[in-house]
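# Examining the three-dimensional arrangement
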Amino acid sequence: MKAAGLLTLSLLLAGAAPAQQVKWNFDKLAARASDTVDVSLDGSLLRLATKFLSDDDKDEAQVKKLVGGLKGVYVRSFEFKKPGEYSEADLDSFRAPLRPPDWQRIVGAHSNEDGETVEVYIKSEGKGIGGLAIIASEPKELTLVNIVGAIDLDSLSELGGHFGIPEVDVEKEKKK
Amino acid sequence: MASFEDELRSALRRREPPQDFTERVLARVAAAPVRSATRMSQPWVRWVAAIAAALLLAVGSLEYRHYQGERAKSQILLAVRIAGGKLNKAQKKVQMVTHRSNS
């Protein structure tokens, strides 16, 4: 009875716990990578960043709106000199914390052409999204993204067409 | 050996200073110029130094905050570019598959 009570309490606490950064260990990959991009912005740095984003610039205004309610943004991107520097076991170790019921994989796309795989995971929180994780692997590149907080996927996707990233619209491309 | 001891004893023997020794020392002390108080000992100089140090500290911390903000801004723009790009690629792949299965 006591154990059941403790279990219920711990489940309640787990449910009430604030969204947290995904615990990934990058030590092995960082040692093998030729280039690394590391972005780690917690809540306070995000708030500071938004103060420096312009309202007059369309792109920056959109980013400001997007990151306004976020609690953390973490990006690690590794570039390798040759393929095979990371294994499927490495990828599995990154997938491990993204398990149901907390996390759901919403997209798993693989291209045989360029050998690229993109996996998108979301963390449900109440009725909305409490977090996002992306694992994008290419033969010589591996990128991991973790966004903590209520992220608007449409806005983020819209931003794919900004900052020099070509906007993707298959229908438009076909018509051309 | 005895002569060496004698020499040593003679060298270490107590000698009385000349009679005018004390007067000469006192005269020299009196003749030496009196040093004026240094500028730092002036209260207003200390206040100015303290205010300058506080101003420097405030400007430094503001500059650092500005640097941190600009750095955070460029980092968030980079993060959004990477995340948006990857999400966009995933969307493209899904759209292609959907398009193929529909046609």
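Basis of the calculations
Residues numbered from 1 in each chain as written. Chains lettered and ligands numbered in written order. Predicted model: local features only at pLDDT ≥ 70, side-chain atom pairs only at ≥ 80, totals over all residues. Heavy atoms only, no water. Helix = DSSP H or I, 4+ residues; strand = E, 2+ residues; numbered from the N terminus. Buried < 20%, exposed > 50% of the residue type's maximum accessible area, 1.4 Å probe, protein only. Contact = heavy atoms within 4.5 Å. Areas by Shrake-Rupley, 256 points an atom, 1.4 Å probe, with all protein chains shown as cover. Salt bridge = Lys/Arg side-chain N within 4 Å of Asp/Glu carboxyl O. Pairing = 2+ DSSP bridges. Axes fitted to C-alpha atoms, helices over the stretch in contact; angles between N-to-C directions. pLDDT = per-residue confidence, 0-100. Buried area = accessible area lost by both parts, 1.4 Å probe. Polar contact = N/O pair within 3.5 Å; in protein donor to acceptor, adjacent residues only side chain to side chain. Nonpolar A, V, L, I, M, F, W, Y, C, P; charged D, E, K, R; others polar. Arc of directions from axis to C-beta.

## Focus on the overall build of chain A
- Secondary structure summary: chain A contains 7 helices and 6 strands in total.
- If you list the helices and strands of chain A from N to C, you get α-α-β-α-α-β-α-β-β-β-β-α-α.
- Taken over 176 residues, chain A has a buried fraction of 42%.
- Taking all contacts inside chain A whose residues are at least 6 apart in sequence as the whole, residues at least 24 apart take part in 62%.
- With the model as given, the accessible surface of chain A reaches about 10300 Å², and the carbon-plus-sulfur share is 51%.

## So, the pattern of salt bridges
Residues and elements named next belong to chain A.
- Applying the stated criterion across every chain, the model contains 17 salt bridges over all chains.
- Between Lys28 and Asp90 there is a salt bridge whose closest N-O contact spans 3.6 Å. Residue Lys28 is found in helix H2 (residues 27-32), and its partner Asp90 is found in helix H5 (residues 88-95); the two are separated by 62 residues along the sequence.
- Note on Lys28: relative accessible area 55%, which makes it exposed.
- Salt-bridge contacts for Arg105 lead to Glu119; the nearest nitrogen and oxygen are separated by 3.6 Å. Of this pair, Arg105 sits in strand E3 (residues 103-111) while Glu119 sits in strand E4 (residues 116-125); the two residues are 14 residues apart in sequence, bridging distant segments of the chain.
- Each of Glu88, Asp92, Arg95, Arg105 and Glu119 takes part in one network of salt bridges that share partners.

## A closer look at the sheet that holds E3 of chain A
Residues and elements named next belong to chain A.
- Across the sheet, which stays open at both edges, the 6 strands sit in the order E1-E2-E6-E5-E4-E3 with antiparallel pairing between neighbours. Two strands in the sheet have a free side with no partner beyond their single neighbour: strand E1 (35-42) and E3. Strand after strand, the sheet turns through a mean of 10° between neighbouring axes, direction not considered.
- Where strand E5 (residues 128-138) meets strand E6 (residues 141-149), 8 bridges bridge the pair, whose relative direction is antiparallel. Bridged to Ala133 within E6 is Asn146.
- Running over the sheet, helix H3 (residues 43-52) touches E1 and strand E2 (70-79) and is turned about 90° from E1.

## Quick look at the pairing of E3 of chain A
- Bridge count for E3 of chain A against E4 of chain A is 8 bridges, and the pairing is antiparallel. Its bridge partner lying in E4 of chain A, Gln104 of chain A is registered against Ile122 of chain A.

## Let's talk about the confidence of the model for chain B
Residues and elements named next belong to chain B.
- With 92% of its residues at a pLDDT of 70 or more, chain B has an overall mean of 84.
- The lowest-confidence element of chain B is helix H1 (residues 2-11), averaging 81 in pLDDT; the highest-confidence one is helix H2 (residues 21-31), averaging 88.
- Reported for the predicted complex are a pTM of 0.69 and an ipTM of 0.76.

## Section: the interface of chain B and chain A
- Listed as interface residues are 30 residues of chain B and, on the opposing side, 46 residues of chain A.
- Buried surface at the junction of chain B and chain A, summed over both partners, amounts to about 3100 Å²; 75% is from carbon and sulfur atoms.
- If you look at where chain B meets chain A, you find 5 salt bridges.
- Inspection of the region where chain B meets chain A yields 3 residue pairs in polar contact (both at pLDDT 80 or more).
- Residues of the side of chain B that touches chain A, tallied by class, amount to 12 nonpolar, 10 polar and 8 charged.

## Looking at helix H4 (residues 58-67) of chain A
All names here are of chain A.
- Taken together, the buried positions of H4 are Glu60, Gln62, Val63, Leu66 and Val67. The arc that holds every buried residue of H4, seen down its axis, measures 160°, which confines them to one face. What points out from H4, more than 90 degrees from its buried face, is the exposed set Lys58 and Lys65.
- If you check the start of H4, you find a side-chain oxygen 3.0 Å away from the backbone N of Asp59, and it comes from Asp57.

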